[in-house]
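Understanding the architecture of this molecule
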Amino acid sequence: MENTAAAKSSGAGGGDCGIVVIDKQVNVDSMIERWKENGITRLALNVHPVIDLNKE
């Protein structure tokens, strides 16, 4: 396997989007390039930091 990651399609009927979890130390440039070649658009999203509601 060229890139080590966990991925899941999301949405009804096979989905129109996917979620990929990958170690931030891994260089994803080749994976992103293959996505572009296959018409997949990467969205610049980030995981929200955990908030301890008990401290609020």
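Our subject is the structure listed above.
Read on for an overview of the structure. (Residues numbered from 1 in each chain as written. Predicted model: local features only at pLDDT ≥ 70, side-chain atom pairs only at ≥ 80, totals over all residues. Heavy atoms only, no water.)

1. Some thoughts on the overall build of the protein chain
Selection criterion: Numbering of helices and strands runs from the N terminus, with a helix taken as a DSSP run of H or I at least four residues long and a strand as a DSSP run of E at least two residues long. Whether a residue is buried, partly exposed or exposed follows from its accessible area with a 1.4 Å probe, protein chains only, as a fraction of its type maximum: under 20%, in between, or over 50%, in that order. By definition in these notes, contact holds between two residues if any of their heavy atoms fall within 4.5 Å. Each accessible area is a Shrake-Rupley estimate made with a 1.4 Å probe; only the visible protein chains count as cover when residues are assessed.
When its secondary structure is counted, the protein chain shows one helix and two strands. Start at the N end of the protein chain and walk to the C end: the helices and strands fall as β-β-α. In the protein chain, which comprises 56 residues, the share counted as buried stands at 7%. Considering only contacts in the protein chain between residues 6 or more positions apart, those separated by 24 or more positions represent 20%. Accessible area of the protein chain: about 5,400 Å², with a carbon and sulfur share of 53%.

Keep in mind that these numbers describe shape and distance, not what the molecule does.
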